[in-house]
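# Chains, contacts and geometry: an overview
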Amino acid sequence: MSHEFESITPAIRQGATPEQWEDPLWQLRHSFRTASQLDQALKLTDDERAALAHAGDRLAVRITPYFLSLINPADPRDPLRLQVIPRTAELLRSPEETDDPCGEEQDMKVPGLVHRYPDRVLLLCTDRCATYCRYCTRSRLVSGAGSEKLHPDLTAALAYLRQHEEVRDVLLSGGDPLLLPDARLDSILTELRRIPHIEFLRIGTRCPIMLPQRITPSLCAMLRRHAPLFLSIHCNHPAELTGRTQEALGMLVDHGLPIGSQTVLLKDINDTPDVQLKLAHRLLQCRVRPYYLYQCDPVPGSRHFRTSIETGLGIISHMRGFTSGYAVPQYVVDTPGGGKVPLNPTYLLRQTPTAAELQNYTGHRYSYPLLPPT
Ligand SMILES: *Cc1c(COP(=O)(O)O)cnc(C)c1O
């Protein structure tokens with residue numbers, strides 16, 4: 001830790017003592033937001049500098065000093081850099097892109113509450129994140145800069161949930177709910193726990209990766225009181241899973257909080273089987289189960305991040321069977337209005353009246369006998 005701390009460049013460290021560096025509020029207050037701040041930490045490319053002049057009009061730029069310290073300043077193709085520093089391609093809106101690519105607004109029953117599936121809801125409780133990802137699926141309402149503002153109405157959301165007894169699962173997201181103070185989050189979770197039919201809670205967060213300092217023993221102790229509570233972290237590249245992040249994840253798991261990981265498939269960042277296998281193995285080392293691999297949503301300015309669907313299917317077919325089943329996420333496309341659709345490589349080649357013709361992960365064919373018709 002102290003060795004790592006000593007190696008942080010002065011422009012990123014900004015005079016912090018080791019204690020200050022470990023303070024999440026220090027990290028947030030010293031986040032990098034402008035071209036001139038970033039230029040001191042790493043040499044911006046001309047393209048990045050041009051993008052930074054306008055990118056914040058759509059989605060604010062914000063990067064924690066901690067996350068910036070993980071980026072190799074000499075590499076303009078660094079996979080962490082590409083996720084958080086805007087490029088001019090982001091300023092181009094392509095015809096297939098929409099502000100709300102998952103069609104969430106049509107399922108927003110009260111401000112901040114999206115009810116699309118039969119038994120579970122998405123509760124957007126803040127529009128702020130520690131660091132903004134340039135491909136953000138909710139850039140329309142996150143960071144305060146987009147086309148819409150999120151004004152979650154928690155009272156109305158709780159009233160809706162009390163009335164809707166079919167809801168047994170509430171997913172807190174945003175923005176990043178762990179940016180709320182402990183007491184605020186505790187009170188939201190307490191209110192949800194008072195509703196008898198709500199069995200299961202989850203929080204979607206990127207704090208263990210962007211701001212691991214936020215994961216404190218007191219936060220973990222508070223979250224533990226609301227069990228069963230799962231966390232869904234958002235993690236895209238093995239380089240995000242540093243020793244510091246592993247420590248934060250370990251503390252959460254040790255407090256009885258199971259963790260799944262959601263990854264967005266991103267061009268030139270993690271669009272190869274090799275990177276995805278390394279990521280999955282590193283997640284399992286951190287006791288995190290890969291959950292979903294998302295096809296990148298067509299948000300405005302996302303073309304340079306998106307891959308083909310064949311890329312995603314090819315990655316899964318290079319993982320399934322070749323490694324632990326626990327390491328293989330479900331690949332999904334989130335459709336406008338229709339929710340998540342799982343996509344899988346084809347293993348069932350055809351069926352005859354007597355047998356199913358199957359292909360295993362190596363491509364060899366096998367026959368499985370079918371029951372005779374009754
Ligand atoms: C992703 C999502 C959920 C949770 O889906 P799971 O497949 O259960 O993880 C719930 N509501 C909405 C609107 C979602 O987009």
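Calculation rules
Residues numbered from 1 in each chain as written. Predicted model: local features only at pLDDT ≥ 70, side-chain atom pairs only at ≥ 80, totals over all residues. Heavy atoms only, no water. Pairing = 2+ DSSP bridges. Helix = DSSP H or I, 4+ residues; strand = E, 2+ residues; numbered from the N terminus. Axes fitted to C-alpha atoms, helices over the stretch in contact; angles between N-to-C directions. Phe/Tyr/Trp six-rings, centres within 6.5 Å; stacked < 30°, edge-to-face > 60°. Lys NZ or Arg CZ within 6 Å of the ring centre and 35° of its normal. Near = heavy atom within 4 Å. Polar contact = N/O pair within 3.5 Å; in protein donor to acceptor, adjacent residues only side chain to side chain.

Each strand in a sheet pairs with another by means of backbone hydrogen bonds, the pair being arranged parallel or else antiparallel. On the basis of which strands lie adjacent, the open sheet formed by 3 strands has the order β11-β12-β13 and antiparallel pairing. Each edge of the sheet is formed by a strand with only one pairing partner; in this case those strands are β11 (348–351) and β13 (365–369). Each strand axis lies, on average, 20° off the axis of its neighbour in the sheet, ignoring direction. The pairing of β11 with strand β12 (residues 355–359) spans 3 bridges and is classified as antiparallel.

Counting across every chain of the model gives 7 aromatic pairs. Seen from their ring centres, Phe200 and Phe230 are 4.8 Å apart, and the 70° between their planes marks the pair as edge-to-face. Here Phe200, found in strand β5 (residues 200–205), pairs with Phe230, found in strand β6 (residues 229–234); they are 30 residues apart in sequence, far enough to count as distant. Following the ring pairs from residue to residue traces out a cluster consisting of Phe5, Trp21 and Trp26. Just above the ring of Tyr117 sits the side chain of Arg120; from NZ or CZ to the centre is 4.2 Å.

What surrounds the ligand is the set Val114, Tyr117, Arg120, Leu122, Leu171, Arg202, Tyr291, Tyr292 and Lys340. Residue Tyr292 places a side-chain N or O atom 2.5 Å away from an oxygen atom belonging to the ligand. Contacts to the ligand include Lys340, whose side-chain N or O atom sits 3.0 Å from an oxygen atom. Looking at the shell around the ligand, the elements with two or more residues in it are β3 (120–124) and β8 (289–294).

In short, geometric facts, not functional conclusions.
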